[in-house]
Amino acid sequence: MGTTYNTTGETKSSKIQTNAARIFSYIFLIFVTFLSLFPMFLLLVNSTRSHMQLSQPGNFSLLPSTYFVNNIKLATAGGGLTRGLLNSFIVAAGASVLSTYFSAMTAYGVHVYDFKLKKFAFNFIMVVMMIPTQISAIGFIKMVNGWKLNNTFWPLIIPAIAAPAVFFYMKQYIEGALPMEVIEAARVDGASEFRTFNTISLPMIFPAMAVQLIFAFTSAWNNYFIPSLILDKNNVKTVPILIATLRSDVASGGSAGDWGKVYMTVLIAIIPVVIVYIFVSKHIVGGVALGAVKG
């Protein structure tokens with residue numbers, strides 16, 4: 001009886017500890033969620049306020065105002081924002097697709113094939129990943145100007161093929177999700193190497209590609225440094241450049257500066273990224289569920 005009582009007591013104590021840990025986890029997750037969403041909430045609130053309200057000392061407020069429609073009109077007047085959104089989408093879509101696909105193909109090649117310089121190639125890509133973009137920017141801009149490619153999108157899209165960070169992530173995922181037996185079976189059946197990658201391997205690693213597609217799209221969409229050095233014509237400027245221009249107008253105190261317009265432009269600029277995430281996240285969840293079923 002004593003043993004039964006002790007076992008029951010230990011079971012109750014274990015349940016209490018488990019419930020306490022679960023409650024603490026929920027509280028922590030709620031707190032992190034609040035920290036993540038609070039800036040977005042402030043952006044929504046500020047996009048409904050006027051320039052005068054946002055310029056006043058102590059202008060912090062959690063209550064929305066009535067200038068939401070007026071700020072939309074200010075942000076979209078002249079069609080500059082619409083053109084900027086289209087430019088950013090062209091650059092971000094092209095760069096994200098190329099970087100994800102070719103990085104996956106490179107990781108596939110390093111994983112599947114055995115060649116003498118395999119280890120050197122992997123280490124070289126890792127070294128390139130450690131080089132900051134700012135170091136090579138001067139030479140890159142000089143090359144772009146020499147080739148007369150400034151004010152075009154090609155220098156922002158084509159170099160995205162070389163994405164060491166995406167390659168490393170895909171390499172780690174492929175090692176655990178792509179058995180060599182599948183590749184060898186495809187070869188025995190007579191499938192070409194290119195077809196093996198596109199029709200057999202790519203669907204198996206697509207969840208990882210979807211994750212990197214979101215990251216690459218967001219990075220290219222928010223990229224300001226290189227585009228600001230290449231694009232100086234109004235009809236090719238991307239959204240980050242337009243936002244920086246609006247902020248400089250406000251900082252200079254000119255009549256064209258309007259904080260409500262700035263916040264509304266930022267809010268509109270976030271929408272395409274959210275839409276891309278919603279569509280791609282379905283494939284991520286579906287891929288994870290499929291992997292769990294196979295496991």
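Only a predicted model underlies this, so the values are computations on that prediction, with no experimental measurement involved. (Residues numbered from 1 in each chain as written. Predicted model: local features only at pLDDT ≥ 70, side-chain atom pairs only at ≥ 80, totals over all residues. Heavy atoms only, no water.)

Engineer: Sorry if this is basic, but what is going on with the overall build of the protein here?
Structural biologist: Looking only at helices and strands, one finds 13 helices and zero strands in the protein. Counted from the first residue to the last, the protein has its helices and strands arranged as α-α-α-α-α-α-α-α-α-α-α-α-α. In terms of overall dimensions, the protein is more spread out than a globule: its C-alpha atoms have a radius of gyration of 25 Å, far above the 19 Å expected for 295 residues. Going through the 295 residues of the protein one by one, you find that 33% of them count as buried. (Helix = DSSP H or I, 4+ residues; strand = E, 2+ residues; numbered from the N terminus. Rg over C-alpha atoms; globule rule 2.2 N^0.38 Å. Buried < 20%, exposed > 50% of the residue type's maximum accessible area, 1.4 Å probe, protein only.)

Engineer: Even after reading the chapter, I still don't get the packing of aromatic side chains, so can you show me in this structure?
Structural biologist: The geometry of an aromatic ring pair is captured by two quantities: the separation of the ring centres and the angle between the planes. All told, the structure shown has eleven aromatic pairs when counted by the stated rule. Relative to phenylalanine 124, the ring of phenylalanine 120 has its centre 6.2 Å away and its plane inclined at 25°; by these criteria the two rings are stacked. With a gap of four residues between them, phenylalanine 120 and phenylalanine 124 both fall in helix α5 (residues 118–129), about one helical turn apart. Residue classification places phenylalanine 120 among the exposed residues on the basis of a relative accessible area of 53%. Considering the side-chain rings of phenylalanine 217 and tryptophan 221, the 5.8 Å spacing of their centres and the 20° angle between planes classify their relative orientation as stacked. (Phe/Tyr/Trp six-rings, centres within 6.5 Å; stacked < 30°, edge-to-face > 60°.)

Engineer: I tried to follow the packing of helix α4 (residues 80–112) against helix α10 (residues 193–222) on my own but got confused; where do I start?
Structural biologist: In helix packing, the relevant descriptors are the interaxial angle and the interaxial distance, both defined with respect to the helix axes. For the pair α4 and α10, the least separation of the axes is 7 Å and the interaxial angle reads 140°. Judged by the angle between their axes, α4 and α10 are oblique. Between α4 and α10 lies a crossing whose hand is right-handed. (Axes fitted to C-alpha atoms, helices over the stretch in contact; angles between N-to-C directions. Parallel < 35°, antiparallel > 145°, perpendicular 65-115°, else oblique. Left-handed = near helix turned anticlockwise from the far one by under 90°.)

Engineer: How should the pattern of salt bridges be read in this particular structure?
Structural biologist: Pairing between side chains of opposite charge can happen when their charged atoms approach one another. Counted by the stated rule, this structure contains three salt bridges. Note that glutamate 175 and lysine 171 form a salt bridge whose closest N and O atoms lie 2.3 Å from each other. With a gap of four residues between them, glutamate 175 and lysine 171 both fall in helix α8 (residues 164–177), about one helical turn apart. The class for glutamate 175 is partly exposed, based on a relative accessible area of 42%. Judged by relative accessible area, which is 8%, lysine 171 ranks as buried. (Salt bridge = Lys/Arg side-chain N within 4 Å of Asp/Glu carboxyl O.)

Engineer: Quick question: what am I supposed to make of the environment of alanine 210 here?
Structural biologist: Here alanine 210 lies in helix α10. For alanine 210, a relative accessible area of 1% gives the class buried. A sequence separation of 106 residues divides alanine 210 from alanine 104, and the C-alpha atoms of the two residues are 11 Å apart.

Engineer: What is the right way to read the nonpolar core from this model?
Structural biologist: In summary, soluble globular proteins display a tendency toward joint burial of nonpolar side chains. Tyr108, Met170, Phe197 and Ile205 are the most contacted members of the largest nonpolar core, which has 20 residues in total. Counting only elements with at least two residues in this core, the list comes to α4, α5, α8 and α10. With six residues, the single largest contributor to this core is α4. Sequence-distant contacts of tyrosine 108, that is, excluding residues within four places in its chain, are made with Tyr113, Ile174, Leu178, Ile183, Glu193, Thr196, Phe197 and Ser201. Residues Ala92, Ile214, Ala220 and Val276 belong to the second largest nonpolar core, which totals 14 residues. (Core = buried A, V, L, I, M, F, W, Y, C linked by side-chain atoms within 4.5 Å. Contact = heavy atoms within 4.5 Å.)

Engineer: Even after reading the chapter, I still don't get the environment of valine 91, so can you show me in this structure?
Structural biologist: One can find valine 91 in helix α4. A relative accessible area of 5% places valine 91 in the buried class. As for valine 91 and proline 240, which are separated by 149 residues in sequence, their C-alpha atoms are 12 Å apart. Apart from residues no more than four positions distant in its own chain, valine 91 is found in contact with Phe153, Leu156, Ile157 and Ala220.

Engineer: Even after reading the chapter, I still don't get the confidence of the model for the protein, so can you show me in this structure?
Structural biologist: Detailed reading of the predicted coordinates is not advisable wherever pLDDT is low. Looking at the protein as a whole, its pLDDT mean stands at 86, while 91% of the residues score no less than 70. When the elements of the protein are averaged for pLDDT, helix α13 (residues 259–294) gives the smallest value, 76, and helix α7 (residues 154–157) the largest, 94. Low pLDDT, under 50, characterises residues 287–295; the predicted model gives this stretch one contact beyond four residues in sequence or across chains. (pLDDT = per-residue confidence, 0-100.)

Engineer: Which parts of the structure should I look at to understand the side chain of lysine 237?
Structural biologist: In this structure, lysine 237 sits in the loop between α11 (225–230) and α12 (239–252). It turns out lysine 237 is buried and unbridged, and the closest side chain with the opposite charge, aspartate 232, is 7.6 Å from it. (Lys, Arg positive; Asp, Glu negative; His and termini not counted.)

Engineer: What am I meant to see in the side chain of serine 88 here?
Structural biologist: By the element assignment, serine 88 lies in helix α4. Since its relative accessible area comes to 2%, serine 88 is described here as buried. In contact with serine 88, other than residues within four places in its own chain, are Trp221, Thr238, Val239 and Pro240.

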